[in-house]
Amino acid sequence: MLGHVDHGKTSLLDKIRGSTVIEGEAGAITQHIGATAVPLDVVGEVAGSLVDPTEFDLPGLLFIDTPGHHSFTTLRSRGGALADIAILVVDVNDGFQPQTEEAIKILADSETPFVVAANKVDTIPGWQVTEDAPIQQTLEAQSDRVEQQFNEKLYEIIGELSDAGFTSDFYWRVQDFRSNVGVVPVSAMTGEGIPDLLAVLMGLAQRYMKEDMEIDVTGPGAGTVLEVKEERGFGTTLDVILYDGTVRADDTVVVGGVNGPIVTDVRALLKPRPLAEIRTESRFEKVDEIAAAAGVKIAAPDLDDAIAGAPVRVVRNRDLDDVIADVQAELAEVAVDTGEEGVVVKADTLGSLEAMANALDEAEIPMMRAEVGDIAPRDVAMATTVEEEEYRAILGFNVDVLGDAADRAEQDDVEVFESDVIYQLVEEYEGFVEEIER
Ligand code: GTP
Ligand code: MG
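The structure presented is a predicted model; accordingly, all values stated were derived computationally and were not measured.

1. Details of the overall build of the chain
Then, number 1: Regarding its fold elements, the chain presents eleven helices and 24 strands.
Then, number 2: On C-alpha atoms alone, the chain measures out to a radius of gyration of 23 Å, which is about the 22 Å that the 2.2 N^0.38 rule sets for 438 residues.
Then, number 3: Based on the C-alpha atoms only, the size of the chain along its principal axes is roughly 65 × 60 × 40 Å.
Then, number 4: The burial tally for the chain puts 53% of its 438 residues in the buried class.
Then, number 5: For the chain, the exposed area adds up to about 19500 Å²; of that, 45% sits on carbon and sulfur atoms.
Then, number 6: In the chain, which carries 32 positive and 87 negative side-chain charges, the distance between the mean positions of the two groups comes to 6 Å.

In structure tokens form, the structure reads like this:
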């Protein structure tokens, strides 16, 4: 799930979670660390006549939310995006916003197939609610006036997608989801269109997974760090999305860190208690093993230098050096080309650093240093060593300015740019360069 702040990513997941779960029921929806697993039978139940579970051989869908502060770029795996399919959530009233544009760019760069959930259709004035109904059914209940407004709002989104370089249409008119983006009107509030969204996702998942994927759910696990977090009683822990294989409570793992691969022994594998919300709930259940695809919290020593977006690999019966080399190679894949002259770049995760570096490359802005981490006084010191005035700058994506770094920057005439939208950072920096050249 990705999209602009407040467009309804979490609400959509909450609706999918809440609309079916009867406690203790077989195949209930389970809450993972940073993710929600919806088994096939539940998809069938929510989607009603739109999905026939017997037609699919997938176990279900694992949804990963990306909270406001959390860029989708964190969700990377070797050679691209971790997610097989993305759901771009767009508020029908707001249309495309800065983070929507950013999301589209990332989806295009990583060639991730996606659908658009055009959310909050219930806010169209005069909308008649048919709770949890498929969209065609609910549209029949609307007046001509409402339907006209509905069409206008959706065509606006289709137009914006076209400006962004994607041909799209109402999902029921899309023949080939590879060349056309399906737009699914939904309401996270009333549940309308949710059956349609699940049906489209299942169809896409089945097709893409069958063609290009083979998931091994028994071998040594492979995952991506979603977040590095302090957890009371456990010290520094990793929230990990496991996309392949298994992790066991007695495994040794290799994790990407600031100073290269970290080798450590798992101390505990933690799952949130049933129905508990991970961001507010701190009580976990210890498990012995977890299999892909899943979200899990890993407690282990020496994780302080681990970085969000970095790879995690289980060693198990493999040669440790090989696994370290593997993690090293994946870290090197995002190593940024830096030169002697250029700006200093800081970003919150490995993936966002990669996206920043791509954007700067495109804009032909050279970098002298590019790192994951907050803006520290030593970054300011670094920026003062350049000769050209236009490179006396630090660009920070989703990071804090530490200690007296801000004061020092001001004293030393180093320009600091901060934003949580990449292209805004680039634009602001370009504005600064123009000022200098004037
Ligand atoms: P961030 O995580 O901050 O990026 O936001 P989000 O995209 O997860 O949005 P969230 O689900 O928190 O929803 C934002 C607000 O919109 C909340 O007040 C929701 O109640 C409201 N909202 C979400 N979906 C709908 C909808 O379909 N209809 C209406 N009327 N309100 C909605
Ligand atoms: Mg949210």
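Now that the structure has been shown, we can carry on.
2. A word on the sheet that holds strand S7 (residues 86–91)
Then, number 1: Strand order in this open sheet of five strands is S1-S7-S8-S10-S9, and the pairing throughout is parallel. The two strands at the open ends of the sheet, each matched to only one other strand, are strand S1 (2–3) and strand S9 (168–170).
Then, number 2: The pairing of S9 with strand S10 (residues 181–185) spans three bridges and is classified as parallel. Following the sheet pairing, Ser168 is matched in S10 by Val181.
Then, number 3: Here helix H5 (residues 144–163) sits on the sheet and contacts S7, strand S8 (114–119), S9 and S10; the angle it forms with S9, its principal contact strand, is near 160°.

3. Describing the pairing of strand S20 (residues 311–314)
Then, number 1: Residue alternation in S20 divides its side chains into two sets, Pro311 and Arg313 and Val312 and Val314, and both sets are buried.
Then, number 2: Pairing geometry for strand S14 (residues 252–257) and S20, over three bridges, is antiparallel. Across the sheet, Val254 pairs through a bridge with Arg313, a residue of S20.

4. Re the side chain of Ser352
Then, number 1: With respect to the secondary-structure elements, Ser352 resides in helix H8 (residues 350–362).
Then, number 2: Owing to a relative accessible area of 0%, Ser352 belongs among the buried residues under this scheme.
Then, number 3: Excluding anything up to four places from it in sequence, Ser352 contacts Thr73, Ala347, Phe397 and Ile422.

5. Focus: the site of ligand 1
Then, number 1: In the region of ligand 1, 17 residues are neighbours, and Lys9, Thr10, Ser11, Asp122 and Ala188 sit closest.
Then, number 2: Measuring from an oxygen atom of ligand 1, one finds a side-chain N or O atom of Ser11 at 2.5 Å.
Then, number 3: Within the complex, 73% of the 650 Å² of free accessible area of ligand 1 lies under protein.
Then, number 4: In terms of residues, the shell around ligand 1 owes the most to one element, helix H1 (residues 9–18), which gives three residues.
Then, number 5: Along the lines of polarity and charge, the residues of the shell around ligand 1 split into four nonpolar, nine polar and four charged.

6. Here we look at the sheet that holds S20
Then, number 1: Here we have eight strands laid out as an open sheet, ordered S15-S14-S20-S11-S12-S19-S16-S17, and antiparallel in their pairing. The open sheet has two free edges, formed respectively by strand S15 (260–265) and strand S17 (284–287), since each of these has just one partner strand. Sheet twist, expressed as the mean angle between neighbouring strand axes with direction ignored, is 35°.
Then, number 2: Sheet topology places strand S11 (residues 222–231) next to strand S12 (residues 235–244); nine bridges connect them, and they run antiparallel. If you follow Glu230 over to S12, its bridge partner there is Thr236.

7. Some words on the pattern of salt bridges
Then, number 1: A complete count under the given rule lists 17 salt bridges for this structure.
Then, number 2: Note that Asp326 is salt-bridged to Arg313, the shortest N-O span being 3.3 Å. On the criterion of sequence distance, the pair formed by Asp326 in helix H7 (residues 320–333) and Arg313 in strand S20 is long-range, its members being 13 residues apart.
Then, number 3: With a relative accessible area of 22%, Asp326 lands in the partly exposed category.
Then, number 4: For Arg313, a relative accessible area of 6% puts it in the buried group.
Then, number 5: For Lys346, the salt bridge is made with Asp379, and the minimal N-O distance between the two is 2.8 Å. Within this pair, whereas Lys346 is found in strand S21 (residues 343–347), its partner Asp379 is found in helix H9 (residues 377–383), the two being separated by 33 residues in sequence. There is no split in this pair, since Lys346 and Asp379 are both buried.
Then, number 6: By sharing partners, the salt bridges in this structure join Lys346, Arg369, Glu371, Arg378 and Asp379 into a single network.

Criteria and cut-off values
- Residues numbered from 1 in each chain as written.
- Chains lettered and ligands numbered in written order.
- Predicted model: local features only at pLDDT ≥ 70, side-chain atom pairs only at ≥ 80, totals over all residues.
- Heavy atoms only, no water.
- Helix = DSSP H or I, 4+ residues; strand = E, 2+ residues; numbered from the N terminus.
- Rg over C-alpha atoms; globule rule 2.2 N^0.38 Å.
- Buried < 20%, exposed > 50% of the residue type's maximum accessible area, 1.4 Å probe, protein only.
- Areas by Shrake-Rupley, 256 points an atom, 1.4 Å probe, with all protein chains shown as cover.
- Lys, Arg positive; Asp, Glu negative; His and termini not counted.
- Charge placed at Lys NZ, Arg CZ, Asp CG, Glu CD.
- Pairing = 2+ DSSP bridges.
- Contact = heavy atoms within 4.5 Å.
- Axes fitted to C-alpha atoms, helices over the stretch in contact; angles between N-to-C directions.
- Near = heavy atom within 4 Å.
- Polar contact = N/O pair within 3.5 Å; in protein donor to acceptor, adjacent residues only side chain to side chain.
- Nonpolar A, V, L, I, M, F, W, Y, C, P; charged D, E, K, R; others polar.
- Salt bridge = Lys/Arg side-chain N within 4 Å of Asp/Glu carboxyl O.

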